[in-house]
Amino acid sequence: MSTKYVYTFGDGKAEGKADMKNLLGGKGANLAEMNLIGLPVPAGFTITTEVCTLYNQKGKDAVVKLIENDVKAGIAHMEKIMNAKFGSKGEAFPLMVSVRSGARVSMPGMMDTVLNLGLNDDAVKLLAEKSGNARFAWDSYRRFIQMYGDVVMGVAAAKGEHNPFEVEIDKLKEAKHIKQDTEFTVEDLQVLVENFKKVVKTKTGKDFPTCPWEQLWGAICAVFDSWMTERAVLYRQLNQIPEEWGTAVNVQSMVYGNMGNNSATGVAFSRDAATGEDIFNGEYLINAQGEDVVAGIRTPQEITIEGSRRWAKLQGISEEERASKYPSLEEAMPQAYADLNAVQEKLEDHFHDMQDMEFTIQDGKLWMLQTRNGKRTGAAMVKMAVDMLKQGMIDEKTALLRQEPAKLDELLHPVFNKEALKKAHVITKGLPASPGAACGRVVFFADEAEEWKNRGEKVVLVRQETSPEDLRGMNVSEGILTARGGMTSHAAVVARGMGKCCVSGAGDIVVDYAKRNFSVNGTIIKEGDWISLNGSTGEVYLGKVETEDATLDEDFTAIMNLAEKYTRMYVRTNADTPKDARKARDFGAKGVGLCRTEHMFFEGHRIDAMREMILSDTVEGRRDALNKILPMQRGDFEGILEAMNGLGVTIRLLDPPLHEFTPNEPASQQYMAQKLGIPVERIKEKVDALHEFNPMLGHRGCRLGVTYPEITEMQARAIIEAACNLKLRGLDPRPEIMVPLVGTVKELKQQAEIINRVAAMVFEEKGVKVDYKVGTMIEIPRAAITADQIAEVAEFFSFGTNDLTQMTFGYSRDDAGKFLPEYIRKGILKTDPFAVLDQEGVGRLVEMGVKLGRKTNADLKVGICGEHGGEPSSVIFCDSVGMNYVSCSPFRVPIARVAAAQAAIEE
Ligand code: PEP
Ligand code: MG
C-alpha cells in the first residue's frame with residue numbers, strides 16, 4: 001500500500017494524473033489531469049481509495065487520525081491558491097469547499113456532492129459582506145443546509161412524500177406567489193435557512209453543525225460510509241464492481257454559479273450520449289449551482305443555439321419565446337460559451353473519447369469541475385466508436401474494445417411499429433432522454449416496480465423526478481417517465497447507462513403520489529394503466545403501442561465486420577426452428593451449435609404419436625408410433641439445414657425427462673385410452689410407473705436412446721434423410737449428430753453405432769452420401785474427467801454448461817431460484833453461476849475436458865452451447881481454453897461475436 005493518502009491539485013499543478021484512477025478515483029484523477037493540461041480547475045485535494053478500504057477495516061476514528069494532518073495541509077494548500085480562509089473570522093475571504101465522492105467508475109448509488117461546506121451563521125454574513133452580494137451568500141447557505149442535511153445527516157422523504165426541504169421551498173413560493181427559486185429575496189432565503197435548520201432538528205434530532213471542520217469530517221466520512229449503503233452495493237452488483245475498489249473523496253474550493261446573472265452552472269457532453277452524433281450539447285442554468293441541473297428541480301436551458309432550437313420545437317415553444325425566456329449559453333454568455341467549446345474539444349482530443357463535463361461560470365469566468373468518459377446508450381456506443389475510427393481518433397482494436405458487448409442487446413430490441421405509432425394517442429411530450437420503445441403498466445414507487453415485476457408484470461416507473469433510491473425500480477422497469485429534469489437529470493443519465501427507455505421532464509404531467517395517479521392535460525392515468533414511451537421522440541402514449549423488430553444500421557455492420565476481422569473463435573447459434581436459424585445467420589452466426597429436438601415433439605398432434613410410443617409395451621408398437629413422427633422430424637431438419645446451407649448444424653438427439661411427455665391430465669389420459677383402444681387404468685399405471693423423484697437426474701438424455709434405441713434410429717434416419725434430400729437438390733447440408741448427457745464412453749459408442757448403421761442404410765436407399773459427424777455433449781462431470789476416452793469416439797465436444805453447472809454445484813436447475821438470490825446477497829457467490837460461468841469450479845472441468853479431449857483426438861472440434869455461450873465474460877473464458885466456437889441464442893450472437901473478438905485482441 002502506498003502511504004501517501006492525500007493528493008493536491010491546483011494552479012496548473014497536480015500530484016496525481018489521469019492514469020491514477022485506481023488510487024484517486026475517476027473524478028480525482030481527471031481533476032488532476034485537467035490541471036496538468038492547463039484547464040481552469042479550482043484548487044483542491046483527493047483522499048485516496050485506499051483510505052476508504054482502511055476506513056472499512058479500521059473504522060472512522062483510526063482513519064481520521066491517520067489523515068488529519070494531510071487534510072489540514074490540503075486545506076492550507078487551497079487557502080493559499082484561492083487567497084481565502086477556511087473558518088475565516090473576518091481576516092480573509094471565507095473558503096468554502098465542495099466534497100464529492102469518486103470511485104474508479106462513476107457510481108450513481110453513492111453520496112454524490114456536498115456544496116458550500118464551511119458556511120455557518122457567521123461565515124454567511126462575512127461572505128455577504130466580502131462578496132457584496134447578500135442574496136448569493138444566503139442562497140449558498142440554504143443550499144448547504146439542504147444538501148448536508150440530505151446526504152450527510154440523512155434527512156429523507158418518507159415514502160409517498162416529497163423531500164422535506166423541497167416542501168419548505170414550495171410552501172414559501174406559494175406564500176410569496178412566485179414560481180422560480182431565483183425570485184426569492186434575501187429575507188426569503190433567511191427564512192428558508194431557519195426553516196431548514198428546523199427540518200434537520202425534527203428529522204434527525206440533532207442541531208445542524210456550525211464548526212467548518214466538524215462539517216468537513218462529517219462529509220468525508222459520509223462519502224466513505226456511502227460506499228457500503230444498500231444502493232451502492234446494489235449498483236456494484238448490477239455492474240460487477242468489486243467492493244475492494246473503494247471510493248476516493250474530492251475536496252475542492254467552491255466556485256459559484258449562483259453569484260448572479262453573469263454566473264451559471266451546467267453539464268455538457270462532447271457528443272450526443274443518446275444517439276452518438278458528433279454534436280456538442282448540454283444544459284445549464286443561470287444563477288444556480290450544479291445540483292439544480294442534475295436533480296432536475298429547475299428545467300435547464302440548452303448550451304448551443306442548435307440544441308436550444310431543437311428543444312423549443314419539441315416543447316412547442318416559439319422562437320421568440322425561446323430566445324427571450326430560454327436562451328442558449330451560446331447566446332446568453334458568448335465568451336464563456338466559446339471557452340467551454342474550446343475546452344470540450346481539447347478534452348475529447350486528449351482522452352480520445354466522448355467527455356461528460358461539469359462546469360461553473362462565476363462572474364463570467366469558466367471553471368471545470370469534472371470530466372469523464374460519458375455513459376452512453378448502446379446505439380451511441382456503436383456510432384461513436386465508428387465515427388472516431390473514421391475521424392482517426394482511435395484505431396480498429398480500440399473501436400472494438402470500446403464496445404460493451406451486453407449493450408449491443410439494446411440495438412436489437414424491438415421498436416414501435418410505424419403504422420401503430422401513427423394511430424397512437426399521444427398524451428404528452430417530454431425530453432427524449434434515452435431511446436427505446438417501452439410499454440408497461442404505470443407504477444409510482446421503486447419498491448412496487450420490483451414487486452410488480454416479480455409478479456410477471458411489465459411496468460413503467462413514473463416519478464416527479466428520480467433519485468439514487470429509485471435505482472432498483474428503474475432497473476426492473478421497461479421505461480421511466482419523469483415530470484421534472486432535463487437531459488442530464490438523474491433519470492436520464494442512469495437510464496442511458498442502463499440502456500432503458502426514458503422520457504424526462506414531461507412538464508405537463510402532475511404526479512400525485514398519494515392518489516397514485518398522474519394527470520396530464522385533463523386526463524388521469526392511474527396506477528396499473530398501460531402507457532407507452534418513445535425514448536427517441538419524447539412522446540408518451542396512452543395504452544400499448546405495437547412493436548416490431550429493429551433494423552440494424554451500417555455502423556452496427558461496421559462493428560460486426562471488425563469483430564470478424566479480429567476474432568479467433570466463431571459464433572454459432574442455438575436454434576430449434578428454421579426461422580431462428582435464419583435470424584441468427586443474419587446476425588452473423590456461422591452455423592447451429594445446438595438444435596434441441598425435444599421441442600419439436602410438442603408441436604400440434606405430434607405429442608399423440610410420442611405418447612403412443614411411450615405407452616406402448618412392445619418394440620413394434622414403438623416403431624409404429626415413431627414412423628408417424630419420422631416425416632415431421634425430417635421436415636424440421638430439412639428446414640434448419642437449408643437455412644444454414646454450407647454451415648455445420650449440430651442436431652441433438654432427444655433429451656427430455658420422459659415424464660414430460662406422459663399424459664398427466666385425466667382428459668388427456670381418457671383421450672389416449674380411446675385412441676389406443678385400451679382401458680384408461682392401463683394408461684394411469686404406465687404414467688405412475690414413469691414417475692421420477694428426480695427427473696433432472698433421471699431417465700433423460702442418451703439414457704433414453706440406450707433404453708429405446710428405436711428413438712435414436714428414427715432421429716438418425718430423419719437427419720440423414722433430410723441431408724440426403726437437400727444434397728439431391730444441389731445444396732450443401734452439414735449435419736452433426738450430437739448425443740446428450742453422456743457420462744461414459746460406452747454410452748456414446750453404442751449410440752454412434754446405431755447412428756452409423758442407420759446412415760449407411762439411408763445412403764444405400766437414397767443412392768447419395770453426405771458428410772456427417774457424430775459427437776457429444778460434455779455436461780456431466782464424469783464426461784469432462786474422462787474426456788480423453790470419450791474423444792476417441794467423438795468427433796466434436798459441445799460443453800453443456802447448464803447441466804455441467806447443475807451437476808458440479810449440485811444445484812437443481814429447476815429449484816436454484818429459491819436460494820441463489822440469497823447466496824448472492826450474502827456474498828457466497830458473486831453472480832448466478834447459471835448465467836455467468838463459474839470459472840473457478842465448472843470452468844476447471846471445462847478446461848480439463850478440452851485438454852484431455854485434444855490429447856487423444858487432436859482434430860477434436862470444441863464448443864459450448866450452454867446459456868454461458870452468449871455471456872461476455874464466459875465467452876472470453878471459452879477463448880482462453882482454446883474452444884473453436886461458442887453457441888448462443890440468436891439475439892446474443894452479435895454480443896458473443898464482439899466478446900470473442902475482444903478476447904482475441906486482449907490475448
Ligand atoms: C446444457 O446442459 O448446457 C445444454 C445446453 O442442454 P440443455 O439446456 O438442453 O439441458
Ligand atoms: Mg443439458
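Quick caveat, the model's predicted, so the values are computed rather than measured.

Concerning the overall build of the protein
Within the protein, the regular secondary structure consists of 37 helices and 32 strands. Here the C-alpha radius of gyration of the protein, 32 Å, is about what a compact globule of 907 residues would show, namely 29 Å. With the C-alpha coordinates of the protein rotated into their principal frame, the extents come out at 105 × 60 × 50 Å. Sorting the 907 residues of the protein into buried and exposed places 57% on the buried side. Within the protein, counting contacts between residues at least 6 apart in sequence, those at least 24 apart form 70% of the total. Charge separation in the protein, taken as the distance between the mean sites of 110 positive and 129 negative side-chain charges, equals 1 Å.

A few points about the nonpolar core
Ile 790, Phe 797, Phe 799 and Met 883 are the most contacted members of the largest nonpolar core, which totals 119 residues. What Met 883 contacts, discounting residues up to four positions off in sequence, is Arg 568, Met 569, Phe 799, Val 846, Arg 854, Val 862, Gly 863, Ile 864 and Cys 878. Counting 92 residues, the second largest nonpolar core, distinct from the first, contains Ile 145, Ile 178, Tyr 256 and Leu 461.

Side note on helix 1 (residues 21-36)
The terminal C-alpha atoms of helix 1, which comprises 16 residues, lie only 15 Å apart, well short of the 22 Å expected from a rise of 1.5 Å per residue. Along helix 1, the helix axis deviates most sharply at Lys 27, where the bend reaches about 80 degrees. The buried count for helix 1 comes to 13 of 16 residues, which makes it a mostly enclosed element. Gly 38, located one to two residues past helix 1, shows a positive phi value of around 85 degrees.

Brief notes about the environment of Thr 856
With respect to the element layout, Thr 856 can be found in helix 35 (residues 842-856). Since its relative accessible area comes to 34%, Thr 856 is described here as partly exposed. Along the primary structure Thr 856 and Ala 791 are separated by 65 residues, whereas in three dimensions their C-alpha atoms are 6.3 Å apart. Excluding residues that lie within four positions of it along the chain, Thr 856 makes contacts with Asp 788, Ala 791 and Glu 792.

Quick notes on the UniProt feature "active site" (unreviewed entry) in the protein
The feature "active site" (unreviewed entry), as annotated in UniProt, sits at His 490 and Cys 865 in this numbering. In sequence the annotated residues extend across 376 residues, and in space they extend as well, their farthest C-alpha pair lying 39.1 Å apart. Among the secondary structure elements, His 490 is positioned in helix 21 (residues 490-498). With relative accessibility at 12%, the residue His 490 sits in the buried group. Relative to the helices and strands, Cys 865 is located in the loop between strand 31 (861-864) and helix 36 (872-880). Cys 865 has contacts with Asn 574, Gly 593, Leu 594, Met 738, Met 777, Ser 798, Phe 799, Gly 800 and Ser 887, leaving out every residue within four places of it along the chain.

Considering the pairing of strand 26 (residues 592-596)
Of all 5 residues making up strand 26, 5 are buried, and the element is well covered by its neighbours. Both strand 25 (residues 570-574) and strand 26 contribute to a ladder of 2 bridges, which runs parallel. Bridge pairing in strand 26 places Asn 574 opposite Leu 594. Here strand 26 pairs with strand 27 (residues 648-652) via 3 bridges, running parallel. The residue bridging Cys 595 from the neighbouring strand is Ile 651, located in strand 27.

Remarks on the coordination of the magnesium ion (ligand 2)
Distances from the magnesium ion (ligand 2) to its protein donors, namely Glu 779 (OE) and Asp 803 (OD), fall within the range 2.0 to 2.1 Å. Of the two residues, Glu 779 is situated in the loop between strand 29 (773-778) and helix 31 (781-785) and Asp 803 in helix 33 (residues 801-809); the sequence distance between them amounts to 24 residues. The pair Glu 779 / Asp 803 is uniform in exposure class, with both members buried.

Notes on the pattern of salt bridges
Under the counting rule described, the total for this entry stands at 59 salt bridges. A salt bridge links Glu 168 to Lys 171, with the shortest nitrogen-to-oxygen separation between them at 3.5 Å. Of this pair, Glu 168 and Lys 171 are both found in helix 6 (residues 164-176), 3 residues apart, which corresponds to roughly one turn of the helix. Its salt-bridge partner being Arg 402, residue Asp 353 comes within 3.5 Å of it at the nearest N-O pair. Here Arg 402 lies in the loop between helix 16 (396-401) and helix 17 (409-412) and Asp 353 lies in the loop between helix 14 (334-351) and strand 10 (355-362), a separation of 49 residues in the sequence. Relative accessible area serves as the criterion here: at 23%, Arg 402 is assigned to the partly exposed category.

Analysis parameters
Residues numbered from 1 in each chain as written. Chains lettered and ligands numbered in written order. Predicted model: local features only at pLDDT ≥ 70, side-chain atom pairs only at ≥ 80, totals over all residues. Heavy atoms only, no water. Helix = DSSP H or I, 4+ residues; strand = E, 2+ residues; numbered from the N terminus. Rg over C-alpha atoms; globule rule 2.2 N^0.38 Å. Buried < 20%, exposed > 50% of the residue type's maximum accessible area, 1.4 Å probe, protein only. Contact = heavy atoms within 4.5 Å. Lys, Arg positive; Asp, Glu negative; His and termini not counted. Charge placed at Lys NZ, Arg CZ, Asp CG, Glu CD. Core = buried A, V, L, I, M, F, W, Y, C linked by side-chain atoms within 4.5 Å. Expected span 1.5 Å × (residues − 1). Bend = angle between axes of the 7 residues up to and from the residue. UniProt positions renumbered as here; feature names shortened; annotations may be inferred. Pairing = 2+ DSSP bridges. Donors = N, O, S within 2.8 Å, 3.2 Å for Na, K, Ca; no water. Salt bridge = Lys/Arg side-chain N within 4 Å of Asp/Glu carboxyl O.

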